[in-house]
Amino acid sequence: MKTLYILLCSITTILAVTWPTASKTQTLSSPITVEEGKTYDGFEVNNNQWVRYERGIKGLGDCTKIEGGSKDPCFILKKGATLKNVILGPNSIEHVHCVGDGCTVQNVYWEDVCEDALTLKGSTNTGAKFYVKGGGAKNGSDKLIQHNSAGTVYVQDFYAENSGKLYRSCGNCKSGYQNQRKLELKNVTTKNVKVVAGINQNYGDQAKFTSVSYSGGHACQRFTGNNSGAEPQKIDYVDKTDSSWTCK
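What counts, and at which threshold
Throughout this description, residue numbers start from 1 for each chain and increase along the sequence as written. Residue-level local features of this predicted model are given only where pLDDT is at least 70; pairs of side-chain atoms are given and counted only at 80 or more, and the full residue set underlies all totals for whole chains, interfaces and linings. Note: side-chain values were computed over all heavy atoms of the structure, leaving out hydrogens and water. Each helix is a run of DSSP H or I of at least 4 residues and each strand a run of E of at least 2, with the numbering of both proceeding from the N terminus. Accessible area is worked out with a 1.4 Å probe on protein chains only. A residue is then buried under 20% of its type maximum, exposed over 50%, and partly exposed in between. By definition in these notes, contact holds between two residues if any of their heavy atoms fall within 4.5 Å. What sets the accessible areas is the Shrake-Rupley method with a 1.4 Å probe; for residues, cover comes only from the shown protein chains. In this charge count, Lys and Arg are treated as positive and Asp and Glu as negative; neither His nor the chain ends contribute. By convention, the point assigned to a charge is CZ for Arg, NZ for Lys, CD for Glu and CG for Asp. Two cysteine sulfur atoms make up a disulfide if the distance between them is within 2.5 Å. Being paired, for any two strands, means DSSP has found at least two bridges between them. One number per residue, pLDDT, summarises how confident the predictor is, and it ranges from 0 to 100. Residues enter a nonpolar core if they are buried and are Ala, Val, Leu, Ile, Met, Phe, Trp, Tyr or Cys, with the set joined through side-chain atoms within 4.5 Å.

Looking only at helices and strands, the chain has 1 helix and 20 strands in total. The principal-axis extents of the C-alpha atoms in the chain amount to approximately 45 × 45 × 35 Å. In the chain, which comprises 248 residues, the share counted as buried stands at 52%. At a minimum sequence separation of 6, the contacts of the chain that also span at least 24 residues come to 61%. Accessible surface computed for the chain: about 11100 Å², of which carbon and sulfur atoms make up 43%. If you average the places of the 29 positive and of the 23 negative side-chain charges in the chain, the two averages end up 2 Å apart.

Dropping the structure here:
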């Protein structure tokens, strides 16, 4: 296992991020669905070993011109489902879809992200809660977390590097979810991530930063969202190193 030691800009302790090594690779012919309220624990399934899951699709390149769909992920999580202790390999168009009113992703590591690492969709519930606890993601040319639902996303103790955006609230979906989407980041470190959080100012999106360290990119990028499918207009970047602040 490789251990990366990251110094957080807002606190004086060292965050040790351990990147696991897969004991084997499992190639899936179709997504694994985790039903409502259930848990898929990679350790339990694989005798306490780290296993890499992927779809066996090679030659994807940087995925900048690839659009995935509901048949492409490795895992589909229903309302209240949990996915934990797995590695997601590079040979997949999509990786994890969370469908409905919230889910939990815990200690999940993405080795090389194609289009999106985690897509949240299918909820109009303003009280929906999505949790990303621990883990990390690398090499996502576009977005890591794509927020296409209402509700709040909580990301804690997470590491990301060499990617476009850690988080993006959809800027051109048919449902804009005005004043219904929030992001809370706590104890998060990014390296060479162009934008930590992308939000739509006109839709009332908010991103709260607490003990977030970012290098090689911007903390927050604000957009003017639309529901027509057109490319959203870029407004500006907001960068702060306060221990706690909100971009909106």
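Right, let's talk about the state of the cysteines for a bit. In total, this model carries 3 disulfides according to the counting rule given. Here cysteine 220 pairs with cysteine 247 through a disulfide, and the sulfurs are 2.1 Å apart. As the torsion about the S-S bond is roughly -80°, the cysteine 220-cysteine 247 disulfide counts as left-handed. Remark: cysteine 247 occurs in strand E20 (residues 244-247) and cysteine 220 occurs in strand E18 (residues 218-224); sequence separation between them is 27 residues. Sulfur of cysteine 74: no disulfide; nearest cysteine sulfur belongs to cysteine 114 and is 11 Å away. According to the relative accessible area criterion, cysteine 74 is buried, its value standing at 0%.

Taken across its 8 residues, strand E8 (residues 81-88) has 7 buried, putting it largely inside the fold. One ladder, built from 3 bridges, connects strand E5 (residues 39-41) with E8; its direction is parallel. Each bridged residue has a counterpart across the sheet, and for tyrosine 40 the counterpart in E8 is leucine 83. The pairing of strand E6 (residues 51-54) with E8 spans 2 bridges and is classified as parallel. Along E8, the bridge assignment pairs arginine 52 with isoleucine 87. In this sheet, strand E10 (residues 103-110) lies alongside E8 in parallel orientation, the contact comprising 7 bridges. Opposite valine 86, over in E10, you have valine 108 as the bridge partner.

Next up on the list: the confidence of the model for the chain. Interpreting fine coordinate detail is not advised for predicted regions of low pLDDT. With 91% of its residues at a pLDDT of at least 70, the chain reaches an overall mean of 91. This model gives residues 1-14 a pLDDT under 50, and the stretch forms 42 contacts once residues within four places in sequence are excluded.

The next thing to look at is the nonpolar core. Of all hydrophobic cores here, the largest spans 51 residues; its most connected members are Phe75, Trp110 and Phe209. The dominant element in this core, judged by the number of residues it contributes, is strand E16 (residues 181-200), at 7 residues.

It is worth spelling out the environment of alanine 150 at this point. Its place among the elements puts alanine 150 in the loop between strand E14 (143-148) and strand E15 (151-169). Considering only alpha carbons, one finds alanine 150 and glycine 100, 50 residues apart in sequence, at a separation of 9.7 Å. With near-sequence residues (within four places) excluded, alanine 150 lies in contact with Ser123, Thr124, Asn125, Thr126, Ala128, Phe130, Tyr177, Gln180 and Arg181.

Peptide bonds are trans in most cases, and residues, glycine excluded, mostly fall at negative phi. Although it is not a glycine, asparagine 107 sits at a positive phi angle of roughly 50°. Mapped onto the secondary structure, asparagine 107 falls in strand E10. Although it is not a glycine, asparagine 179 adopts a positive phi angle of roughly 55°. Looking at the element boundaries, asparagine 179 is found in the loop between E15 and E16. Since its relative accessible area comes to 63%, asparagine 179 is described here as exposed.

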